[in-house]
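So the chains spell out like this:
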There are 2 protein chains.
Amino acid sequence: MSFKEKGLLVVLSGPSGVGKGTVCRALRSRGTDLQYSISVTTRAPRAGEQEGVHYFFKSKEAFKKMIEEKKLLEWAEYVGNYYGTPIDYVKQTLDQGQDVILEIEVQGALQVKKNFPEGTFIFLAPPSLSELKNRIQGRGTETLDLIENRLKVAKDEIDMMKYYDYVVENDQVEKACDRIEAIVTAEHCKRERLVEKYKKLLEVE
Amino acid sequence: MSFKEKGLLVVLSGPSGVGKGTVCRALRSRGTDLQYSISVTTRAPRAGEQEGVHYFFKSKEAFKKMIEEKKLLEWAEYVGNYYGTPIDYVKQTLDQGQDVILEIEVQGALQVKKNFPEGTFIFLAPPSLSELKNRIQGRGTETLDLIENRLKVAKDEIDMMKYYDYVVENDQVEKACDRIEAIVTAEHCKRERLVEKYKKLLEVE
C-alpha cells in the first residue's frame, strides 16, 4: 500500500493593514512549496486573467448555489461581487500531499476555522503591539484619547488571536516568512502525522 | 513592568543508537541559542572537567537527598554511578528566557514528561522506519524471522512516540537539525505564549 502524506492547510490572517499580502508575496518569491489557493469570484475576468489560474470565474447564480451546497470554505461580498474559497479545490490539493496557504481577512479565517478546524491558523500581528508600551510610556506628547484608542485597538487585536494556533509578529517581512516556514516544518513533524505515516508503512503483513 | 518571555525546555530523545548525540553536537556547532543542560553526577571528575560546566559533582549521599527532595527532573544509574538533571538549574535558565535542550534516553524523557509536562518533547526516529517497508518487500533474501523481528522493533518504536509532541526523522543529521530548529521557532510562536506576552505588555494602565 502506498501512502501519501496529506498536505497542510495554512491560514494566514490578521488585522487589515498588517501586511498579509506583502508577507505572502515574499513567501512566494522564496519558492517555498506552498500552493496558493485559487478563489472563486463573480467579478468579470480582467485582461490576462485565466480561469483556474488566477480565479475560478462563476455567475452569481452558480456562486449562490455553491454557498447553499456548502462548497465554500469561506466567502464574502466586496463592492457587489462575491469571492470565496472552493472546498473541493483545496481538498484535492491537500490530498495530493501539497500544502495550501490561504491569505485571508479575520472574518474569513473564522469561517474556515468552522469548516476546516484541522487547518493551521496563523495570526500575523502588527509590530506596534510590542512597541505599544514604549510608545505610550516614552512620549509625553500624545493625548490621553489617542493612548486609550491605541490600547483599545491592541486589546481587540489580542482578543482576535484566540482562534489561532500561532501568532507571528510582522516586525520584518523576512523574519515573519522564516517563522511561517518554521511553523509549516514543525506541523509536518507533529507526532500524530508521523505516527499515522509509520503505521501505514507497516501495513505490510 | 518588564516582561521576559520564559524559555522552552526541549527534550530530545529516541531509541538508543538513533544518533541523539550526533544531532545534538551538530546543533551545538551551528551556534543555535539552545542552552545544554548540565547533569548532576556521582562519578569522579575526569581531567579537565569543571564543576558547573561539564557536570555538577555530588556525593552519593547528596544525590540521594536530591532524589528524595524531588530536585531532579529525571535520574538513572549507570555502572554504579548516578546521573540526573537538576530541576533548579533548568528552571533558573528557563526563567532567564533561555531555551534549554536535554538529550536523553526514552526512560529519562518519560520521567521529565511526568515532572515537567510543559516541555517540548521531540522523538528522534531512525530512518529505517521509513525504509522498512521497501527493505522488507524488496528483498527476497531475508528470512521471515528477521523480517518479523524488524517489524516488532519498529512497532515498539512507534509505540514509544505517543508520549512525544514531535517526531523528527534522523535521515540526515543536517535535516534533523533544521527540523528541530523549526520546532523551537514554531513553539515560540504558539498563540498561548504570544498572547501572554502581549497581555503583560499592555499592563500599563
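Thresholds applied
Residues numbered from 1 in each chain as written. Chains lettered and ligands numbered in written order. Predicted model: local features only at pLDDT ≥ 70, side-chain atom pairs only at ≥ 80, totals over all residues. Heavy atoms only, no water. Helix = DSSP H or I, 4+ residues; strand = E, 2+ residues; numbered from the N terminus. Buried < 20%, exposed > 50% of the residue type's maximum accessible area, 1.4 Å probe, protein only. Contact = heavy atoms within 4.5 Å. Least-squares fit on C-alpha atoms with pLDDT ≥ 70 in both. Pairing = 2+ DSSP bridges. Axes fitted to C-alpha atoms, helices over the stretch in contact; angles between N-to-C directions. UniProt positions renumbered as here; feature names shortened; annotations may be inferred. Polar contact = N/O pair within 3.5 Å; in protein donor to acceptor, adjacent residues only side chain to side chain. Parallel < 35°, antiparallel > 145°, perpendicular 65-115°, else oblique. Left-handed = near helix turned anticlockwise from the far one by under 90°. Nonpolar A, V, L, I, M, F, W, Y, C, P; charged D, E, K, R; others polar. Expected span 1.5 Å × (residues − 1). Buried area = accessible area lost by both parts, 1.4 Å probe. Salt bridge = Lys/Arg side-chain N within 4 Å of Asp/Glu carboxyl O.

Engineer: What is the right way to look at the overall build of chain A in this model?
Structural biologist: Scanning chain A for helices and strands turns up 8 helices and 9 strands. Overall, the C-alpha framework of chain A stretches about 70 × 45 × 30 Å when taken along its three principal axes. Counting every position in chain A, which comprises 205 residues, the buried fraction comes to 48%. In chain A, 67% of the contacts between residues at least 6 apart in sequence involve partners at least 24 apart.

Engineer: Teacher, can you tell me more about the relation of the copies chain B and chain A here?
Structural biologist: Comparison of the two chain copies shows a relationship of rotation about an axis with a shift along it. For the match of chain B to chain A, the screw axis carries a shift of 0.0 Å, the RMSD comes to 0.0 Å, and the turn is 180°. In symmetry terms, the pair is related by a two-fold rotation axis. Among all C-alpha atoms of chain B, that of Ala182 of chain B lies closest to the rotation axis, at 2.1 Å.

Engineer: How should I be thinking about the sheet that holds strand β3 (residues 39-41) of chain B in this particular structure?
Structural biologist: Think of a sheet as strands paired side by side through backbone hydrogen bonds, with each pair either parallel or antiparallel. Residue and element names in this part refer to chain B. Read from one edge of the open sheet, 4 strands run β4-β3-β6-β5, paired in mixed fashion. Both outer strands of the open sheet, β4 (55-57) and β5 (72-78), are each paired with one neighbouring strand and no more. Strand-to-strand twist of the sheet, defined as the mean angle between neighbouring strand axes without regard to direction, takes the value 25°. Pairing geometry for β3 and β4, over 3 bridges, is parallel. Bridged to Thr41 within β4 is Phe57. Of the strands in this sheet, β4, β5 and β6 (81-86) touch helix α3 (residues 87-95), which is tilted by about 25° from β6.

Engineer: It is not clear to me how the UniProt feature "binding site: ATP" (unreviewed entry) in chain A should be interpreted in this structure. Could you clarify?
Structural biologist: Residues and elements named next belong to chain A. Following the UniProt record, the feature "binding site: ATP" (unreviewed entry) maps to Gly14, Pro15, Ser16, Gly17, Val18, Gly19, Lys20 and Gly21 here. Looking at the secondary structure, you find Gly17 in the loop between β1 (9-13) and α1 (20-29). Relative to the assigned elements, Lys20 resides in helix α1. According to the relative accessible area criterion, Lys20 is buried, its value standing at 6%. Every residue in contact with Lys20, bar those within four places of it in the chain, is listed here: Leu12, Ser13, Gly14, Pro15, Glu103, Ile104, Glu105 and Leu124. Of the polar contacts made by the side chain of Lys20, one reaches the backbone oxygen of Gly14; its length is 3.0 Å.

Engineer: How should the packing of α1 of chain A against helix α7 (residues 173-188) of chain A be read in this particular structure?
Structural biologist: Packed helices, taken two at a time, are described by their axes: the angle between them and the distance between them. Residues and elements named next belong to chain A. Interhelical geometry of α1 versus α7 gives an angle of 70° and a closest axis separation of 9 Å. Considering the angle they form, α1 stands roughly perpendicular to α7. Viewed along their axes, α1 and α7 form a crossing whose handedness is right-handed. Of the residues in α7, those in contact with Thr22, Val23, Ala26 and Leu27 of α1 are Val173, Glu174, Ala176, Cys177, Ile180 and Glu181. Classifying every residue of the contact of α1 with α7 by side-chain character gives 7 nonpolar, 1 polar and 2 charged.

Engineer: Can you help me understand the environment of Tyr198 of chain A in this one?
Structural biologist: Within the secondary structure layout, Tyr198 of chain A lies in helix α8 (residues 191-201). For Tyr198 of chain A, a relative accessible area of 0% puts it in the buried group. In contact with Tyr198 of chain A, not counting residues within four places along its chain, are Ala125, Leu129, Ser130, Ile158, Met161, Val167 and Glu169 of chain B. Polar contacts involving the side chain of Tyr198 of chain A include one to the side chain of Glu169 of chain B, which spans 2.7 Å.

Engineer: Got a minute to help me understand helix α7 (residues 173-188) of chain B in this structure?
Structural biologist: The terminal C-alpha atoms of α7 of chain B, which comprises 16 residues, lie 23 Å apart, in line with the 22 Å expected from a rise of 1.5 Å per residue. Among all positions in α7 of chain B, only Ala176, Cys177, Arg179, Ile180, Ala182, Ile183, Val184, Ala186 and Glu187 of chain B are buried.

Engineer: Help me understand the pairing of strand β7 (residues 99-103) of chain B, please; the structure alone is not making it clear to me.
Structural biologist: As a general feature of sheets, a regular strand has side chains that alternate between the two faces. Residue and element names in this part refer to chain B. Buried residues dominate β7, accounting for 4 of its 5 residues. Direction of pairing for strand β1 (residues 9-13) relative to β7: parallel, over a ladder of 4 bridges. By the bridge assignment, Leu9 is partnered in β7 with Val100. Pairing of strand β2 (residues 34-36) with β7, which is carried by 3 bridges, proceeds in the parallel orientation. Bridge assignment links Gln35 to a residue of β7, and that residue is Val100.

Engineer: So what exactly am I meant to see when it comes to the pairing of β6 of chain B here?
Structural biologist: Residue and element names in this part refer to chain B. Counting buried residues along β6, 5 of its 6 residues qualify, which places the element largely inside the surrounding structure. In terms of strand pairing, β3 meets β6 through 2 bridges, oriented antiparallel. From the neighbouring strand, Thr41 faces β6, where its bridge partner is Tyr83. One ladder, built from 6 bridges, connects β5 with β6; its direction is antiparallel. When the sheet's bridge partners are listed, Leu72 is paired in β6 with Pro86. Hairpin connection from β5 to β6: 2 residues lie between these consecutive antiparallel strands, with Val79 at a positive phi of about 30°.

Engineer: Where do I start with the interface of chain B and chain A in this structure?
Structural biologist: Interface size is often expressed as the accessible area that is lost when the parts come together. In this complex, chain B contributes 38 residues to the contact, which on the side of chain A involves 38 residues. Summed over both partners, the interface of chain B with chain A buries about 3,300 Å², with 69% contributed by carbon and sulfur atoms. Among the salt bridges present, the one from Glu169 of chain B reaches Lys197 of chain A, with a minimum N-O distance of 3.5 Å. Mapped by element, the contributors of at least two residues to the side of chain B that touches chain A are α5 (128-138), α6 (144-160), β9 (166-169), α7 and α8 (191-201) of chain B. Top element by residues in the side of chain B that touches chain A is α8 of chain B. It accounts for 8 residues.

Engineer: Sorry if this is basic, but what is going on with unusual backbone geometry here?
Structural biologist: Glycine aside, residues mostly have negative phi, and peptide bonds are mostly found in the trans state. The residue Val79 of chain A is not glycine, and still its phi comes out positive at about 35°. Mapped onto the fold, Val79 of chain A is located in the loop between β5 (72-78) and β6 (81-86).

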